[in-house]
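Structural overview for review
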Amino acid sequence: MLKKNEGLTNFQCSALLASTIIGVVVISLPKTAAVSAQEGAVISTLVAGLLTIIIATCIAALGKRFHNKTIIEYSTLLLGKSLGMLFGAIIIFYYILVASIILRGFSDSLKNLLLEHTPLEIIMISMLLTATYLTLNGISGIAKISEIFLPIIVGSLLLVIGLSMNNFDFVNFRPVLMPSISSAIKCIPDLVIGFQGYEILFIMIPFMHDYRKVIPYTVVGVAIPVILYTLLVGMSIGVFGVHITQQLNYPTITLAETITFPGAFMERFDILFVILWIIAAFTTIANLYYMASLTSIRLLGLRHYKVSIYLLSPVIYIAAILPQNTLEIRKVTMLAGYIGIAISFITIGLLFLSWISGKREKENV
Amino acid sequence: MYKRILLICLISFCMLIIPGCWDRIEIERNAFILGLGIDLSDDQLLITYQIALLDAFKGEGGEQSKSTQQISIVADSLSEATKDLLSFFGNMPNFSHCKLIVFGEKYAKKGISDSLDFLFRETDMRRVTSVCVADGEAKEILNIEPKTAPSSAIVIDQIITQNSLSNSDIFPFQDIGYIHHNFVRGSDIGLAKVSVDKGIVKVSGAGLFKDYKLIGWYTDHEVTGLRFILGELKEGYHSVHLPWDEGDRITMNAYNINASTIPKITDGNIVVKSRILIEGDITEIGNPVLVNTSERLIKYWQKAIEDDIRSTINSVYKKGRDIYGVDAFEFDQKIESYYPEFWKKNKDNWDELFKTVELDLEIDVKLRRLGIIEP
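Since the structure is predicted, the reported quantities are computational estimates derived from the model, not experimental observations. (Residues numbered from 1 in each chain as written. Chains lettered and ligands numbered in written order. Predicted model: local features only at pLDDT ≥ 70, side-chain atom pairs only at ≥ 80, totals over all residues. Heavy atoms only, no water.)

Some points on the interface of chain B and chain A
Interface size is commonly expressed as the accessible area that is lost once the parts come together. Counting residues at the interface gives 23 residues for chain B, matched by 28 residues for chain A. Approximately 2,400 Å² of surface area, both sides summed, lies buried where chain B meets chain A, with 59% of it carried by carbon and sulfur atoms. Contact with chain A buries area across many residues of chain B, yet W22, D23 and R127 of chain B alone supply 26% of it, more than any other trio. Our count for the chain B to chain A interface comes out at zero salt bridges. Where chain B packs against chain A, one counts two residue pairs in polar contact (both at pLDDT 80 or more). Element by element, the count of residues in the side of chain B that touches chain A is highest for helix α7 (residues 176-185) of chain B, at four residues. Among the residues forming the side of chain B that touches chain A, the class breakdown is eight nonpolar, six polar and nine charged. (Contact = heavy atoms within 4.5 Å. Buried area = accessible area lost by both parts, 1.4 Å probe. Salt bridge = Lys/Arg side-chain N within 4 Å of Asp/Glu carboxyl O. Polar contact = N/O pair within 3.5 Å; in protein donor to acceptor, adjacent residues only side chain to side chain. Helix = DSSP H or I, 4+ residues; strand = E, 2+ residues; numbered from the N terminus. Nonpolar A, V, L, I, M, F, W, Y, C, P; charged D, E, K, R; others polar.)

Spelled out as structure tokens, the structure:
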């Protein structure tokens, strides 16, 4: 246990997890769910979410065994020096890829929805500079910001879901053909990609005030997005039906658009939601950026992470600028997602390895 | 020293970013388009834009000045017309408050599917924008300046979305979302009919579309039957003609209508069972003097209203099914909901199948109160 009042509190950990997961995917998740799972979208989302909770719990258990080390250090301990460094390099590459593609996806969507004439580069640079400034303060900075912003993010999503109850028509759920087991299994990976962001567990645990309670708070932190996403997919299919949700590029925004108050009390609710969504995207990008910089410093064995923050920002920017259009962004997002799933499964393998070899760290008093 | 310079550079950069200069459009520079009318002009489209003049919208204002301006542009497509609008009007078109889309009769007869993609894809266009079809030219509808509201588009939109709850002759809630829903499935649609009656707009009746081409009309009374079959009618007035000594003509105000439509497939035969429960009060009796209200009379009136509604619904159904062949009753969606395997096998020949669908009506009318005088 770190000294009193030092380190991340338990709620900050859940908030870090939740706010990293609720990011850019939230506006297009109902479309992915409807395209891959069709009528069974709600149930598939819930199952994918539960699977994510299980994976995150395994990663948290592994982190708890090595509670003073980040992934870089305990992977070299378990896999040996060269394999461990390789795994660490893959993780760093993954973090940089995800940070850049989330940045690009966010800027692209924002340009389409809100800021038509603003050059894409300006949106990306503004977001990247703000994230750089936040991450310079270290993990306590991003944890406090996540803690403050989480109620806003969750509140705005709940508002959209709650106010759309008016337009909800249960008839749209009617052809509930349970998809066959094989098709259900095929669509789960696409949905688990939407829940990625729990990798912050790799580096978070050494900084926690009390690492012993990490597992229940992990479950809480991942459960918040799971519930919200399931409700969102359910609401989107209930309001639009499966066929339309498959066509809409931004179902959540369109859901917010169909909210009307009688007497034109508030007409364009979706603009308000987009503004609150920017906050969600910002926490995700800042968290991923910090993860990338911290792991790269730990891999090189250096001490001050600020250097890597400065060095990584042009790398992320250039990587974000590379995709040419929306379809390429989608392809790279899927690719990054599959790499993330592979990394998660390797980490679960590491957990078994640590059980078998009995390596663990001494309990702190 | 360097820190100070860095600080100044940082603050200047922030000042450049935060105001959001690129997308700044002053509110006076926005041309808010309230209504969009699409007509046919030879081979091209004649698009009429109803643009709000902001002076009339702010404050109560003393004089009755013009509150909207209509501009008509000939172009090949909606996007081109929006671009051409910039040559006519000094402001930037802004669709985010568009309330109404009107299709002209000739254009609707030719087919509306080529302009639908713009309405679905445009970011600013909302899915709750009402859509209707004009009896005549859309341009005339948008050129009307109503005295009670700033623009005809706002009036028609309010009639379609709000007055339709109380008046059963108005075909309600067609918006871009409804059309998109049916367009993706390839279903037929019906749209509310708008016409000009003595210089003001009137919304009643419906136009029927097959393959997104206008092929026929329903009159106002027939729209009531259509709404009964759709099952979404909640309130309405209903009049029945009777023999002189039974009351001549009575009008019922139905305040609670519960209509459910469920298809049933037996041996490949599709029967749609429609169950309508109505509760209402008597609001007007044509011949109150000679009438003695009694239980027998109430039962007689109830039966008369049931028969009248039954014949209305049957004639509406026959007209839709046999004469026009248009499934504006959403039966295909009901069949997909209740019998998904059957629908998967037969959805390609729904047009022929629809002609064999029978309607089985069960109507129950209950008259509760008579108003404040007797009889």
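Text resumes after the structure shown.
Some details on the packing of aromatic side chains
All names here are of chain B. For the coordinates displayed, the defined rule picks out 19 aromatic pairs over all chains. Feature note: the residues Y317, F329, F331, W343, W350 and F354 constitute an aromatic cluster, connected by ring pairs. A cation over an aromatic ring shows up here: K193 above the ring of W217, its NZ or CZ 5.3 Å from the ring centre. (Phe/Tyr/Trp six-rings, centres within 6.5 Å; stacked < 30°, edge-to-face > 60°. Lys NZ or Arg CZ within 6 Å of the ring centre and 35° of its normal.)

Some points on the pattern of salt bridges
One side chain can pair with another of opposite charge once the charged atoms of both are near each other. Under the defined criterion, the tally for this structure stands at 23 salt bridges over all chains. Notably, a salt bridge pairs R298 of chain A with E73 of chain A, separated by 3.2 Å at the nearest N-O pair. Of the two residues, R298 of chain A sits in helix α13 (residues 269-300) while E73 of chain A sits in helix α4 (residues 71-79), which places them 225 residues apart along the sequence. Several salt bridges converge on common partners, so that one network encompasses K273, R275, D360 and E362 of chain B.

Thoughts on the domain arrangement of chain B
All names here are of chain B. Split by domain assignment, chain B resolves into domain 1 (27-218) and domain 2 (221-375). The distance between the C-alpha centroids of domain 1 and domain 2 comes to 31 Å. Across the boundary between the two partners, domain 1 contributes 26 residues, which contact 27 residues of domain 2. Taken together, the two surfaces of domain 1 and domain 2 that pack against each other cover about 2,000 Å², and 51% of this comes from carbon and sulfur. In terms of surface lost to domain 2, no three residues of domain 1 exceed S168, R185 and Y218, which account for 34% of the buried area on that side. Residue D351 pairs with K210 through a salt bridge whose shortest N-O separation is 3.4 Å. (Domains from an automatic or database assignment.)

Brief notes about unusual backbone geometry
For residues besides glycine, phi is generally negative; the peptide bonds are generally trans as well. Residue K198 of chain B is not a glycine yet carries a positive backbone phi of 55°. Look at K198 of chain B and you get exposed, because its relative accessible area is 77%. (Buried < 20%, exposed > 50% of the residue type's maximum accessible area, 1.4 Å probe, protein only.)

Describing the packing of helix α6 (residues 120-135) of chain A against α13 of chain A
Residue and element names in this part refer to chain A. Across the interface, α6 lies against α13 with an axial gap of 9 Å and an inter-helix angle of 60°. With respect to their mutual orientation, α6 and α13 come out oblique. Read as a crossing pair, α6 and α13 show a hand that is right-handed. Together, M127, L128, T130, A131, T132, L134 and T135 of α6 and I278, F282, I285, A286, Y289 and Y290 of α13 make up the contact between the two elements. Counted by class, the contact of α6 with α13 contains 10 nonpolar, three polar and no charged residues. (Axes fitted to C-alpha atoms, helices over the stretch in contact; angles between N-to-C directions. Parallel < 35°, antiparallel > 145°, perpendicular 65-115°, else oblique. Left-handed = near helix turned anticlockwise from the far one by under 90°.)

Let's talk about the confidence of the model for chain A
This prediction gives chain A a mean pLDDT of 87; 94% of its residues lie at or above 70. Of all helices and strands in chain A, the one with the weakest mean pLDDT is helix α8 (residues 181-194) of chain A (79), whereas helix α14 (residues 306-321) of chain A scores best (92). (pLDDT = per-residue confidence, 0-100.)

Here's the deal with the pairing of strand β7 (residues 189-197) of chain B
All names here are of chain B. Counting buried residues in β7 gives seven out of nine residues, a clear majority hidden from the surface. Note that β7 and strand β8 (residues 200-210) share eight bridges and pair antiparallel. Residue pairing across strands places S195 opposite K202, the latter belonging to β8. Where β7 folds back onto β8 in an antiparallel hairpin, the turn is made up of two residues, including K198, whose phi is positive at roughly 55°. (Pairing = 2+ DSSP bridges.)

Here's the deal with the environment of M127 of chain A
Of note, M127 of chain A is situated in helix α6. Remark: the alpha-carbon pair of M127 of chain A and F93 of chain A, spanning 34 residues in sequence, is separated by 21 Å.

Some points on the state of the cysteines
Tallied over the full model, the rule gives zero disulfides over all chains. With no disulfide of its own, C98 of chain B lies closest to C132 of chain B among cysteine sulfurs, the gap being 11 Å. (Disulfide = S-S within 2.5 Å.)

Quick look at a nonpolar patch on the surface
A cluster of nonpolar side chains, namely L83, L86 and I90 of chain A, defines an oily patch on the protein surface of about 260 Å² accessible area. The partly exposed category is assigned to L86 of chain A, whose relative accessible area is 48%. (Patch = residues over 30% accessible without salt bridge, like charges linked within 9 Å, V, L, I, M, F, W, Y side chains within 5 Å. Areas by Shrake-Rupley, 256 points an atom, 1.4 Å probe, with all protein chains shown as cover.)

Re the sheet that holds strand β13 (residues 358-369) of chain B
All names here are of chain B. The four strands are arranged β10-β11-β12-β13 in an open sheet whose pairing can be described as mixed. Each edge of the sheet is formed by a strand with only one pairing partner; in this case those strands are β10 (236-241) and β13. Here the average twist between neighbouring strands, direction ignored, is 35°. Pairing of β10 with strand β11 (residues 249-266), which is carried by six bridges, proceeds in the antiparallel orientation. The residue bridging Y237 from the neighbouring strand is N253, located in β11. Contacts between helix α8 (residues 220-230) and the sheet are confined to β11, β12 (269-285) and β13, with β11 contributing the most and set at about 45° to the helix. Most of the contacts of helix α9 (residues 295-324) go to β13, to which it runs at about 150°, and overall it touches β10, β11, β12 and β13.

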